[in-house]
Protein chains: 2
Amino acid sequence: MVFFKEQAVTSSDKTYFQLREEIVEGAIPAGAKLSEVELSTKYEVSRAVIREAINRLEACNIVERKANVGARVVTLTEDGLLELYQIREALEGMAARLAAQNMPEAEIYELSSLLEGQQDEVRQSHTYYQEAGDLDFHYRIIVGSKNQQLITMLSNGIYHLARMYRVQLGMTGPRVTTAYDEHKHIVRAISNRDGELAEILMRRHIQYSKNNIAVKLTKMK
Amino acid sequence: MVFFKEQAVTSSDKTYFQLREEIVEGAIPAGAKLSEVELSTKYEVSRAVIREAINRLEACNIVERKANVGARVVTLTEDGLLELYQIREALEGMAARLAAQNMPEAEIYELSSLLEGQQDEVRQSHTYYQEAGDLDFHYRIIVGSKNQQLITMLSNGIYHLARMYRVQLGMTGPRVTTAYDEHKHIVRAISNRDGELAEILMRRHIQYSKNNIAVKLTKMK
DNA sequence: AACCAATAAATTGTCGACAATCTAGATATC
DNA sequence: GATATCTAGATTGTCGACAATTTATTGGTT
């Protein structure tokens, strides 16, 4: 399910989307060098469009580039993950508070019934939330904040990085049902127009996610 | 005083910095079209480097680009300003809290003595804080947070936008001495390692700035 | 054998030209 | 006179080639 459409009009757009997906989903691993000529032959486009795509990836903090040397996929450190989730906590906590103020009733209802509809699915298969469901939920609340700069900031940069972490660290599994309940509580707070509570719950929700990943990280060492 | 150096190694870098300055400082006004050929003759570089510079400006939300049409300098709305300062409040509030945890004593001392040194200057000329002083203060606290992602996020994008607002709205003047005192209180909280208080004071400080600008805005209408 | 210098190969940065797309003006039609 | 269509101009998107810089290789010296 694609809930925020990035439509590629130009060739650079398509290349950028493809490259980003390959990196975020791990097909191009962390630390890999992005050779312009290699990629231009692979995607059958000019080096100019490859360069433009790489520039955009650099702006998203997905690749690092050194002048006259080249671009490499960023290697994600444990500290970097902590930093990223600190930012998410601040920004999405604010988003939840603003959503409680600004989100139209119709959007709240839509989000609420979306969660309701997934209730049975969650109870049965326990496979609900690792992916699209969680992302969808968070994105709808960001949009509900009605802060345009916040929306672009998160959907252009931070989310892709966060997903990249989860993929690279093999985070596909657990923490399913509790996250679902947390989501429900957040929606209820927004529905009650209780911004303060919504922020607290959202921050806590993101902290749980962070701790969950951090635990897995320490186990791997 | 330049306290965080962006050194331009390539020609695109230089063009990007120049273009950004001209836009942020108002030489190129809001809503202006950025013609690639025009700029390439003006700066005496190829269209390729102009395109790269424009792409970077787009990533900073300084220009908006439509495919096959062109790029225009963003026109700043009152709502946009509100949104921007909401984000600053969340992020820099967090930065202050983190700085109270992570900022080395040496950096705190340096910042503190910097403020002390400006005390007389403030009392006399009342011209202290409209520019570099304020920016320097905020940047040092961001750096003190030791959150690298936060540092790049703010210094690459948000600060330039915030400055652009102030320039376009003719915010050069007042709110000098009170801001100075606010800064001193924030530093004291950081020095005492009181993260909670530091965050509260920083948020309040940014709210004051926002209100100050918002008032001027309504007067202009 | 280890280290340094000079050269060769490869990669990125920049350029000018062509192709694709959009915008404006003129012409035609109702 | 207003609207729609077509054409001409201008602008952006894409391409391949050349220049500048970095990296790897070779050769020489201690």
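Whatever comes next refers back to the structure up there.
Residues numbered from 1 in each chain as written. Chains lettered and ligands numbered in written order. Predicted model: local features only at pLDDT ≥ 70, side-chain atom pairs only at ≥ 80, totals over all residues. Heavy atoms only, no water.

1. Re the sheet that holds strand β1 (residues 33-34) of chain A
All names here are of chain A.
And step 1. Read across the open sheet, the three strands follow the order β1-β3-β2; overall the sheet is antiparallel. Both edges of this open sheet fall to β1 and β2 (63-66), since each of them pairs with a single strand only.
And step 2. With four bridges joining them, β2 and strand β3 (residues 70-73) adopt antiparallel strand pairing. Bridging across to β3, Val-63 finds its partner in Val-73. (Pairing = 2+ DSSP bridges. Helix = DSSP H or I, 4+ residues; strand = E, 2+ residues; numbered from the N terminus.)

2. Some remarks on helix α10 (residues 195-220) of chain A
Helical periodicity: at 3.6 residues per turn, an α-helix aligns residues three or four positions apart in one direction.
And step 1. Under the 1.5 Å per step criterion, the end-to-end length of α10(A) is 38 Å for 26 residues, consistent within 8% with the ideal 38 Å.
And step 2. Taken together, the buried positions of α10(A) are Gly195(A), Ala198(A), Glu199(A), Leu201(A), Met202(A), Arg203(A), His205(A), Ile206(A), Ser209(A), Lys210(A), Ile213(A) and Leu217(A). (Expected span 1.5 Å × (residues − 1). Buried < 20%, exposed > 50% of the residue type's maximum accessible area, 1.4 Å probe, protein only.)

3. A short note on the packing of aromatic side chains
And step 1. As enumerated under the stated definition, the model contains two aromatic pairs over all chains in all.
And step 2. With centroids separated by 5.5 Å and ring planes inclined at 45°, the aromatic side chains of Tyr16(A) and Phe17(A) adopt a geometry described as tilted. (Phe/Tyr/Trp six-rings, centres within 6.5 Å; stacked < 30°, edge-to-face > 60°.)

4. Examining the relation of the copies chain B and chain A
And step 1. When chain B is fitted onto chain A, the two copies agree to an RMSD of 0.0 Å after a turn of 180° and an axial shift of 0.0 Å. Expressed as an axis order, the relation between the two copies is that of a two-fold axis. (Least-squares fit on C-alpha atoms with pLDDT ≥ 70 in both.)

5. A short note on the protein's contact with DNA strand C
And step 1. Taken together, 20 residues form the shell around DNA strand C, and within it Arg47(A), Arg51(A), Thr10(B), Ser11(B) and Ser46(B) come nearest.
And step 2. For DNA strand C, the backbone makes up 71% of the atoms found within 4 Å of the protein, where backbone means sugar plus phosphate.
And step 3. Taking Ser11(B), its main chain carries an N or O atom lying 2.5 Å from a phosphate oxygen of DNA strand C.
And step 4. Between Asn68(B) and DNA strand C, the recorded distance is 3.4 Å, taken from a side-chain N or O atom to a sugar or linking oxygen. (Near = heavy atom within 4 Å. Polar contact = N/O pair within 3.5 Å; in protein donor to acceptor, adjacent residues only side chain to side chain.)

6. Concerning unusual backbone geometry
Residue and element names in this part refer to chain A.
And step 1. In this model, Glu-44 sits at a positive phi of 60°, which is unusual for a non-glycine residue.
And step 2. As for its placement among the helices and strands, Glu-44 is situated in the loop between α2 (36-43) and α3 (47-59).
And step 3. Phi at Asn-68 is positive, roughly 65°, even though this residue is not glycine.
And step 4. For Asn-68, the position within the fold is in the loop between β2 and β3.
And step 5. On the basis of relative accessible area, Asn-68 is assigned to the exposed category, the value being 79%.

7. Section: the packing of helix α1 (residues 11-24) of chain B against helix α3 (residues 47-59) of chain B
All names here are of chain B.
And step 1. Where α1 contacts α3, the two axes come as close as 9 Å, and the packing angle between them is 55°. Classified by the angle their axes make, α1 and α3 are oblique. By crossing handedness, the relation of α1 to α3 is classed as right-handed. When α1 is examined against α3, the residues Ser-12, Asp-13, Thr-15, Tyr-16, Leu-19, Arg-20 and Ile-23 are found in contact with a partner set consisting of Val-49, Ile-50, Glu-52, Ala-53, Arg-56 and Leu-57.
And step 2. For the contact of α1 with α3, the residue count by class is seven nonpolar, two polar and four charged. (Axes fitted to C-alpha atoms, helices over the stretch in contact; angles between N-to-C directions. Parallel < 35°, antiparallel > 145°, perpendicular 65-115°, else oblique. Left-handed = near helix turned anticlockwise from the far one by under 90°. Contact = heavy atoms within 4.5 Å. Nonpolar A, V, L, I, M, F, W, Y, C, P; charged D, E, K, R; others polar.)

8. Concerning the nonpolar core
And step 1. Counting 125 residues, the largest nonpolar core has Ile23(A) and Ile23(B) as its most contacted members.
And step 2. Every residue in contact with Ile23(A), bar those within four places of it in the chain, is listed here: Ile28(A), Leu34(A), Leu57(A), Ile62(A), Val63(A), Val73(A) and Met164(A). (Core = buried A, V, L, I, M, F, W, Y, C linked by side-chain atoms within 4.5 Å.)

9. As for the interface of chain B and chain A
Interface size is commonly expressed as the accessible surface area that is lost when the partners come together.
And step 1. Across the contact, 30 residues belong to chain B and 30 residues belong to chain A.
And step 2. For the pair chain B and chain A, the summed buried surface comes to about 2,100 Å²; carbon and sulfur atoms form 55% of the total.
And step 3. Where chain B meets chain A, there are two salt bridges.
And step 4. With a shortest N-O distance of 3.4 Å, Arg51(B) and Glu52(A) are connected by a salt bridge.
And step 5. Here chain B is connected to chain A by twelve residue pairs in polar contact (both at pLDDT 80 or more).
And step 6. Residue assignment for the side of chain B that touches chain A shows that the elements contributing at least two residues are α3, α4 (78-102) and α7 (148-168) of chain B.
And step 7. Ranked by residue count, the leading element in the side of chain B that touches chain A is α4(B), at ten residues. (Buried area = accessible area lost by both parts, 1.4 Å probe. Salt bridge = Lys/Arg side-chain N within 4 Å of Asp/Glu carboxyl O.)

10. Looking at the protein's contact with DNA strand D
And step 1. Inspection of the region around DNA strand D gives 20 residues, with Thr10(A), Ser11(A), Ser46(A), Arg47(B) and Arg51(B) positioned closest.
And step 2. The contact atoms of DNA strand D, taken as those within 4 Å of the protein, divide so that sugar and phosphate hold 71%.
And step 3. Within the contact set of DNA strand D, a phosphate oxygen lies 2.5 Å away from a side-chain nitrogen or oxygen of Thr10(A).
And step 4. In this structure, a phosphate oxygen belonging to DNA strand D sits 2.6 Å away from a main-chain N or O atom of Ser46(A).
And step 5. Residue assignment for the surface near DNA strand D shows that the elements contributing at least two residues are α1 (11-24) and α3 of chain A together with β1 (33-34) and α3 of chain B.
And step 6. Of all the elements, α3(A) adds the most residues to the surface near DNA strand D, at three residues.
And step 7. Taken together, the residues of the surface near DNA strand D break down into seven nonpolar, eight polar and five charged.

11. Some thoughts on the sheet that holds strand β2 (residues 63-66) of chain B
Note on sheets: strands pair through backbone hydrogen bonds, and any given pair is parallel or antiparallel.
And step 1. The sheet built from three strands is open, its strands ordered β1-β3-β2 (chain B) with antiparallel pairing. Across the chains shown, the open sheet's two edge strands, defined by having one partner strand only, are β1 and β2 of chain B.

12. Comments concerning α3(A)
Residue and element names in this part refer to chain A.
And step 1. For α3, built from 13 residues, the straight-helix expectation of 18 Å at 1.5 Å per residue is met to within 8% by its first-to-last C-alpha distance of 18 Å.
And step 2. What α3 keeps buried is the set Val-49, Ile-50, Glu-52, Ala-53, Ile-54, Asn-55 and Leu-57.
And step 3. For α3, the capping residue at the N-terminal end is Ser-46, with a side-chain oxygen 3.0 Å from the backbone nitrogen of Ala-48.

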